[in-house]
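# Chain and residue survey
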Amino acid sequence: MKLLKSKIGWIFVLVYIVLSTISIIYSRICNVGICDVGYLMLPVIPWVAFFNGGIFVLYGYVISIILNIIAVYLIGYFISFLITKIKTKKKIIK
(Lines give C-alpha, C1' and ligand atoms only; values in the text may rest on other atoms or scores of the structure.)
Protein backbone atom coordinates (compact mmCIF):
# COMPACT_ATOMS: atom_id res chain seq x y z
CA MET A 1 0.00 0.00 0.00
CA LYS A 2 1.33 3.41 -0.94
CA LEU A 3 1.53 5.84 1.95
CA LEU A 4 0.62 9.45 1.42
CA LYS A 5 3.74 11.49 2.10
CA SER A 6 3.62 15.25 1.87
CA LYS A 7 5.81 17.91 3.47
CA ILE A 8 3.20 20.54 2.70
CA GLY A 9 0.56 18.38 4.37
CA TRP A 10 2.65 18.09 7.53
CA ILE A 11 3.27 21.85 7.54
CA PHE A 12 -0.48 22.45 7.26
CA VAL A 13 -1.11 20.02 10.14
CA LEU A 14 1.50 21.74 12.30
CA VAL A 15 -0.02 25.16 11.62
CA TYR A 16 -3.53 23.80 12.38
CA ILE A 17 -2.37 22.28 15.68
CA VAL A 18 -0.59 25.48 16.75
CA LEU A 19 -3.58 27.68 15.88
CA SER A 20 -6.00 25.28 17.58
CA THR A 21 -3.86 25.22 20.71
CA ILE A 22 -3.74 29.01 20.80
CA SER A 23 -7.51 29.16 20.31
CA ILE A 24 -8.19 26.67 23.12
CA ILE A 25 -5.80 28.44 25.51
CA TYR A 26 -7.32 31.83 24.67
CA SER A 27 -10.82 30.45 25.29
CA ARG A 28 -9.75 29.57 28.84
CA ILE A 29 -8.34 33.03 29.63
CA CYS A 30 -11.02 35.08 27.86
CA ASN A 31 -13.27 36.99 30.25
CA VAL A 32 -15.54 38.82 27.80
CA GLY A 33 -19.00 37.42 27.15
CA ILE A 34 -19.29 34.50 24.80
CA CYS A 35 -15.75 34.57 23.36
CA ASP A 36 -14.77 31.61 25.53
CA VAL A 37 -17.27 29.34 23.78
CA GLY A 38 -16.50 30.79 20.35
CA TYR A 39 -12.77 30.23 20.57
CA LEU A 40 -13.27 26.78 22.08
CA MET A 41 -15.50 25.73 19.16
CA LEU A 42 -13.27 27.21 16.45
CA PRO A 43 -10.95 24.15 16.07
CA VAL A 44 -13.85 21.69 15.64
CA ILE A 45 -15.80 23.45 12.92
CA PRO A 46 -17.59 21.91 10.82
CA TRP A 47 -17.85 18.64 12.74
CA VAL A 48 -19.36 20.15 15.90
CA ALA A 49 -22.86 19.73 14.44
CA PHE A 50 -22.46 15.95 14.25
CA PHE A 51 -21.29 15.50 17.86
CA ASN A 52 -23.70 17.86 19.58
CA GLY A 53 -24.45 17.25 23.26
CA GLY A 54 -24.82 14.07 25.25
CA ILE A 55 -22.15 12.03 26.99
CA PHE A 56 -19.86 12.10 23.94
CA VAL A 57 -19.07 15.82 24.11
CA LEU A 58 -15.37 15.43 24.93
CA TYR A 59 -15.01 12.43 22.62
CA GLY A 60 -16.77 14.34 19.87
CA TYR A 61 -14.41 17.26 20.40
CA VAL A 62 -11.34 15.03 20.08
CA ILE A 63 -12.78 13.16 17.08
CA SER A 64 -13.58 16.49 15.40
CA ILE A 65 -10.01 17.71 15.85
CA ILE A 66 -8.67 14.42 14.45
CA LEU A 67 -10.99 14.69 11.44
CA ASN A 68 -9.80 18.25 10.83
CA ILE A 69 -6.16 17.14 11.05
CA ILE A 70 -6.85 14.45 8.44
CA ALA A 71 -8.67 16.94 6.19
CA VAL A 72 -5.91 19.54 6.48
CA TYR A 73 -3.23 16.94 5.70
CA LEU A 74 -5.14 15.72 2.66
CA ILE A 75 -5.48 19.30 1.40
CA GLY A 76 -1.71 19.73 1.74
CA TYR A 77 -1.13 16.39 0.02
CA PHE A 78 -3.37 17.40 -2.87
CA ILE A 79 -1.53 20.71 -3.26
CA SER A 80 1.86 18.96 -3.30
CA PHE A 81 0.46 16.43 -5.79
CA LEU A 82 -0.65 19.24 -8.09
CA ILE A 83 2.73 20.98 -7.78
CA THR A 84 4.50 17.73 -8.68
CA LYS A 85 2.25 17.19 -11.71
CA ILE A 86 2.84 20.75 -12.94
CA LYS A 87 6.62 20.38 -12.55
CA THR A 88 6.69 17.08 -14.45
CA LYS A 89 4.54 18.54 -17.21
CA LYS A 90 6.95 21.45 -17.62
CA LYS A 91 9.87 18.99 -17.87
CA ILE A 92 8.07 17.00 -20.57
CA ILE A 93 7.30 20.13 -22.59
CA LYS A 94 10.93 21.30 -22.53
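Here, every reference points to the structure presented above.
What counts, and where the lines are drawn
Residues numbered from 1 in each chain as written. Predicted model: local features only at pLDDT ≥ 70, side-chain atom pairs only at ≥ 80, totals over all residues. Heavy atoms only, no water. Helix = DSSP H or I, 4+ residues; strand = E, 2+ residues; numbered from the N terminus. Core = buried A, V, L, I, M, F, W, Y, C linked by side-chain atoms within 4.5 Å. Buried < 20%, exposed > 50% of the residue type's maximum accessible area, 1.4 Å probe, protein only.

## As for unusual backbone geometry
Cis geometry marks the peptide bond from Ile45 to Pro46; its omega dihedral reads 10°. Considering the arrangement of structural elements, one finds Pro46 in the loop between helix H2 (35-41) and helix H3 (57-93).

## Considerations on the nonpolar core
Ranked by size, the top nonpolar core spans eight residues in total: Val13, Tyr16, Val44, Tyr61, Ile65, Val72, Tyr73 and Tyr77. Mapped onto this core, the elements with two or more residues apiece are helix H1 (7-29) and H3. Counting residues per element, this core draws most heavily on H3, at five residues.

## A word on the environment of Tyr26
With respect to the helices and strands, the residue Tyr26 is situated in helix H1. Residues Tyr26 and Tyr39, spaced 13 residues apart in sequence, show a C-alpha to C-alpha distance of 7.0 Å.

Scope: geometric values only; no functional claims are made or implied.
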